[in-house]
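Each chain is listed here by its residues.
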Amino acid sequence: MWRWCGGAISRRAKILVMDEPSSHLDPWARRRLIELLGTFDHSKIIATHDLDLVLDLCPRTIVMCGGRIVADGKTEEIFGDDALLHKCHLEKPLSWKTAKTGSGTET
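No experiment lies behind these values; they were computed from the predicted model shown.

Caption draft 1: Examining the side chain of Asp 52 more closely. Mapping Asp 52 onto the fold places it in helix α3 (residues 51–57). No salt bridge is formed by the buried Asp 52. Its closest oppositely charged neighbour is Arg 30, at 5.0 Å. When sequence neighbours within four positions are dropped, the list of residues in contact with Asp 52 reads Arg 30, Pro 93, Leu 94 and Ser 95.

Caption draft 2: Representation of the pairing of strand β2 (residues 43–47) within the structure. Bridge count for strand β1 (residues 15–19) against β2 is 5 bridges, and the pairing is parallel. Bridging from a neighbouring strand, Met 18 pairs with Ile 46 of β2. In the classification by handedness, the crossover that spans β1, the intervening helix α2 (residues 27–39) and the parallel β2 is right-handed.

Caption draft 3: Highlighting a nonpolar patch on the surface. A grouping of Ile 15, Val 17 and Ile 45 is seen on the molecular surface, where their side chains present a nonpolar patch of about 290 Å² in accessible area. One can find Val 17 in strand β1. You can call Val 17 exposed: its relative accessible area is 59%.

Caption draft 4: Spotlight on the layout of surface pockets. The calculated volume of the largest pocket comes to roughly 670 Å³. Lining the largest pocket are 24 residues, and of these Ile 46, Ala 47, Thr 48, Thr 61 and Ile 62 lie nearest its centre. At the level of elements, β2, α3 and β3 (60–65) are the ones that each hand at least two residues to the lining of the largest pocket. Counting residues per element, the lining of the largest pocket draws most heavily on β3, at 6 residues.

Caption draft 5: How the structure looks around α2. Over its 13 residues, α2 runs 19 Å from end to end, which matches the ideal 18 Å to within 8%, given 1.5 Å per residue. Every buried residue of α2 is listed here: Ala 29, Leu 33, Ile 34, Leu 36 and Leu 37. On an axial view of α2, the arc spanned by its buried residues comes to 165 degrees, and they lie on one face. Those residues of α2 that are exposed and aimed more than 90 degrees away from the buried face are Pro 27, Trp 28, Gly 38 and Thr 39. The N-capping residue of α2, defined by a side-chain oxygen 3.1 Å from the backbone nitrogen of Trp 28, is Asp 26.

The rules behind each value
Residues numbered from 1 in each chain as written. Predicted model: local features only at pLDDT ≥ 70, side-chain atom pairs only at ≥ 80, totals over all residues. Heavy atoms only, no water. Helix = DSSP H or I, 4+ residues; strand = E, 2+ residues; numbered from the N terminus. Buried < 20%, exposed > 50% of the residue type's maximum accessible area, 1.4 Å probe, protein only. Lys, Arg positive; Asp, Glu negative; His and termini not counted. Salt bridge = Lys/Arg side-chain N within 4 Å of Asp/Glu carboxyl O. Contact = heavy atoms within 4.5 Å. Pairing = 2+ DSSP bridges. Right-handed = clockwise from strand over helix to strand, strands pointing away. Patch = residues over 30% accessible without salt bridge, like charges linked within 9 Å, V, L, I, M, F, W, Y side chains within 5 Å. Areas by Shrake-Rupley, 256 points an atom, 1.4 Å probe, with all protein chains shown as cover. 1 Å grid on protein atoms, 1.4 Å probe; cavity = no way out; pocket = protein on both sides within 12 Å on 5 of 7 lines; lining within 4 Å. Points joined across faces, edges and corners; volume = space filled by probe spheres on them. Expected span 1.5 Å × (residues − 1). Arc of directions from axis to C-beta. Polar contact = N/O pair within 3.5 Å; in protein donor to acceptor, adjacent residues only side chain to side chain.

Just geometry here; none of it tells us what the structure is for.
Shown next as structure tokens:
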């Protein structure tokens with residue numbers, strides 16, 4: 001994973017395209033990936049089900065459902081649309097759920 005990130009930087013890529021970049025990463029590596037991607041100035045296209053990663057890195061989100069684009073807008077607005085999330089079988093990011101319920105652990 002770190003090799004392809006370094007390769008993108010060294011080639012001065014303007015757009016970084018990733019498919020499920022946090023898949024199969026342990027928590028430490030996932031946090032490191034998010035930190036690293038947050039330092040990139042490039043445009044990022046990320047296909048993922050990791051909605052907390054999206055919340056951390058993506059000011060804009062495009063939601064696809066059934067092979068079609070069903071929403072395109074500010075990430076926080078999309079995650080606040082309960083009807084859309086339900087229709088697309090998505091859930092709010094875990095960090096939003098724990099912040100609103102007060103459950104979860106402090107790190």
